[in-house]
Amino acid sequence: MGKLSSTFALASIILSLFFPLFLFSQPTDIMYPETKQVLSIVNEASQVVAQKGEAAFAEFRKKGSKWLHNDTYVFVIDTQGNVILNPARPELEGKNQLNLKDAVGKPFIKWFIKEVTDYPGKAQGWSHYVWFKPGQEIASWKTSFIKYVKAPSGKGYIVGSGLYEMRPEKAFVVDIVDEAAYLVSKEGRDAFAILRDKRGEFNYLTTYVFVVDSKGIDLVNPAFPQHEGKNVLALKDSKGRFFIKDMIAMLAVRDSGWITYSWPKPRTTQPSDKETYVKKVKNGNDVFYIGSGIYLE
């Protein structure tokens, strides 16, 4: 494992040399108590692992504790996909679950690993997938916060916890846009297929990532593919706002920001107010505007 950790560290250094200008956004204010609860549990559990190492896992198994109650539990995996701890699904423990998929075919264990190893300087993040509540066989949308931590033994672990049917937060949007922006800054148009993937980490519920170029051409829009390949500068929302023009104008003087407009949710036609976070990135001579948002209703 020490060798693997060294590999990740070396990869991060190399990537930072090639992409020194890419910065992940500052933390966004959290709105809802359930989100704060998940953050608190993972941060505290990570501190316990950092201090006590593997001895902490027995604490996380105690029923009725802050670590394990109702639908809340702490899980632990390593960066190779081995499940170390999962009190809600102990049958997963002691096995490599790298190829485990959620109820709709999303490879969420791989996402956990990518979340904390693929982005230079980023060792924590959010993941959204369809999973089973403890004791139930009916799957629900689950949002988990995960964090990479090193035990005193030197072994690295991914510590996480989540809740079901969580309300959308701006922090989720910033996380997903930052990651999409990094991919595009690194891979350019080759990253677009990943952003379009309906079973990928960039598409869940009403959340998706879009990409527009500096000329106003819609390049990626998995929720509204009829706009792809077209110039959308003249596109207006239901209130008559040229929101694409406004995005580009805002990003002419800054690298990122928020914009509110009225737009239908995926698979609907009725407009809803949407708050969208957009970020400007470069790949070679190309400039791209990458965004995602939450609906306010």
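Preceding this section is the structure that the text describes.
The following refers to the structure shown. The model shown is predicted, which means the values in this text are computed figures rather than measured ones.

Before going further, it helps to examine the packing of aromatic side chains. Scanning the entire structure with this criterion turns up 20 aromatic pairs. Taking 6.2 Å as the distance between ring centres and 65° as the angle between the ring planes, the aromatic pair formed by Y208 and F224 counts as edge-to-face. Of this pair, Y208 sits in the loop between α6 (192-196) and β8 (210-213) while F224 sits in the loop between β9 (218-220) and α7 (243-250), and the two are 16 residues apart along the sequence. When its relative accessible area of 4% is taken as the criterion, Y208 is described as buried. When its relative accessible area of 7% is taken as the criterion, F224 is described as buried. Aromatic rings pair up to connect Y73, F75, F108, F112, Y129, W131 and F132 into one cluster. Seen from the ring of W131, R89 lies directly overhead, with NZ or CZ sitting 5.9 Å from the centre. The ring of W258 has K170 lying over it, and the distance from NZ or CZ to the ring centre is 4.6 Å.

The next thing to look at is helix α5 (residues 170-187). Given a rise of 1.5 Å per residue, 18 residues ought to cover 26 Å, and the 26 Å separating the end C-alpha atoms of α5 matches this to within 8%. α5 sits mainly inside the fold: 15 of its 18 residues count as buried. Following α5 by one or two positions, G188 has its phi on the positive side, about 60°.

Rules behind the numbers
- Residues numbered from 1 in each chain as written.
- Predicted model: local features only at pLDDT ≥ 70, side-chain atom pairs only at ≥ 80, totals over all residues.
- Heavy atoms only, no water.
- Phe/Tyr/Trp six-rings, centres within 6.5 Å; stacked < 30°, edge-to-face > 60°.
- Helix = DSSP H or I, 4+ residues; strand = E, 2+ residues; numbered from the N terminus.
- Buried < 20%, exposed > 50% of the residue type's maximum accessible area, 1.4 Å probe, protein only.
- Lys NZ or Arg CZ within 6 Å of the ring centre and 35° of its normal.
- Expected span 1.5 Å × (residues − 1).

These values are about where atoms sit, not about what they do.
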